[in-house]
Amino acid sequence: MSRLYIMGNESQLIAHKRVVDTLQGIQFIVPEDGYDPLDSSAVDGIVLLDIEEKPYWIGAAYQAGIPVLATHPIYRRLTTNDIAKREQQWPHLSIISHGRNTVFSRNLARSQSNMDPSAYFMIDLDLDSCDELLSRTEYVDQAMLGLCDLLLYTWGPVDLLYSRMRNFFHSGPSADTTTAMLRMRNGVEGLLRVCDFPSHQPNLRVRSYMGDDLLDVNSIWSFELDDLVGYYRNFHDTVNGTAQPLLALNQVGESYRLLNWMQKSARSDTLLSF
């Protein structure tokens, strides 16, 4: 039995408990149960969903020797040096991402490989941060990092990028709109657009072009049941020492670097080599 201490908002706790109830060998412990999450004799793993204290809990769990499963972002602002350092410091960390190890990401990669190499792609993500309990910065970063995971998983490393970020609908440090023009290392070019607007439904649209072929797919920007089942099964096995994290920081470090470079390009209004 894996005893997992879970932290998140009420709707997430309900949804994730529904997932875990379909699995054997996992018991959820919520904060109201009175357990000390850093007591390794009472807790086998910690699940950190959309909470703002993630950096503290990840570090504290590492000191206590307790594995962690967490959503993006796992740190408020990571520089390239920070990422390399954290990759070494946090081998106990598993990450849940919308852009990797999901039904949509696997289907997209499979469909893309059937028409590879594409000449051009477009990715559009609509969001409404007002519907979320996270701060706007945390929510937008989470969406952008998941999108970077999907982009890199499907088309590979980035070579050049130029991005613009603007605030039209909200105040604060997080952009309402992001537009990034990309050239991948394999020569494919693409356009990424994100818009955070009140009343938007969370929706992702991906179009990929090659000759006369067009791949055009839409998806609600949320986890399916099978996505979370896969992550929890893997985390259960990781806690018991029979598996490695399905998605570790060293596998998504490039996504944090890519987001940093998008923000840097937007601040400097400069074309950057990644």
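This text goes with the structure placed above it.
Residues numbered from 1 in each chain as written. Predicted model: local features only at pLDDT ≥ 70, side-chain atom pairs only at ≥ 80, totals over all residues. Heavy atoms only, no water.

## Re the overall build of the protein chain
Each helix and strand in the protein chain was counted, giving seven helices and 12 strands. Relative to its length of 274 residues, the protein chain is compact, with a C-alpha radius of gyration of 19 Å against a globular reference of 19 Å. If you line up the protein chain on its principal axes, its C-alpha atoms span 55 × 40 × 40 Å. Put simply, the protein chain has 274 residues, and 53% of those count as buried. If you sum the accessible surface of the protein chain, you get close to 12600 Å²; carbon and sulfur atoms cover 49% of it. Computing the positive centroid from 23 side-chain charges and the negative centroid from 34, the protein chain places the two 6 Å apart. (Helix = DSSP H or I, 4+ residues; strand = E, 2+ residues; numbered from the N terminus. Rg over C-alpha atoms; globule rule 2.2 N^0.38 Å. Buried < 20%, exposed > 50% of the residue type's maximum accessible area, 1.4 Å probe, protein only. Areas by Shrake-Rupley, 256 points an atom, 1.4 Å probe, with all protein chains shown as cover. Lys, Arg positive; Asp, Glu negative; His and termini not counted. Charge placed at Lys NZ, Arg CZ, Asp CG, Glu CD.)

## Here we look at the pairing of strand β5 (residues 93-96)
In the case of a regular strand, side chains alternate between the two sheet surfaces. Of the two faces of β5, the one holding Leu93 and Ile95 and the one holding Ser94 and Ile96 are both buried throughout. For strand β4 (residues 68-71) and β5, the ladder comprises four bridges, and the chain directions are parallel. Looking across to β5, one finds that Val68 is bridged to Leu93. (Pairing = 2+ DSSP bridges.)

## A word on the sheet that holds strand β3 (residues 45-48)
Overall, parallel pairing links the five strands, which are arranged β2-β1-β3-β4-β5 in an open sheet. The sheet is open, and its two edges are formed by β2 (26-29) and β5, each paired on a single side. On average, each strand axis in the sheet is inclined to that of its neighbour by 25 degrees, with strand direction left out of account. Sheet topology note: the β3/β4 ladder contains three bridges and is parallel. The partner of Leu48 across the bridge, within β4, is Ala70. (Axes fitted to C-alpha atoms, helices over the stretch in contact; angles between N-to-C directions.)

## As for the pairing of strand β7 (residues 158-166)
Pairing between β7 and strand β8 (residues 177-184): eight bridges, direction antiparallel. The residue bridging Arg164 from the neighbouring strand is Thr179, located in β8. With two bridges joining them, β7 and strand β12 (residues 272-273) adopt antiparallel strand pairing. Bridge assignment links Leu160 to a residue of β12, and that residue is Ser273.

## Some thoughts on the pattern of salt bridges
Counted according to the given criterion, the structure contains eight salt bridges. Here Arg205 and Asp216 are joined by a salt bridge, their closest N and O atoms 2.6 Å apart. Of this pair, Arg205 sits in strand β10 (residues 203-210) while Asp216 is found in strand β11 (residues 213-220), placing the two residues 11 residues apart along the sequence. Take Arg205: its relative accessible area is 29%, and that puts it in the partly exposed class. Here Arg257 makes a salt bridge to Glu254, at a shortest N to O gap of 2.8 Å. One end of the pair is Arg257 and the other is Glu254, both in helix α7 (residues 249-268) and three residues apart, which spans about a single turn. When salt bridges that share partners are traced, they join Asp124, Arg193 and Arg207 into one network. (Salt bridge = Lys/Arg side-chain N within 4 Å of Asp/Glu carboxyl O.)

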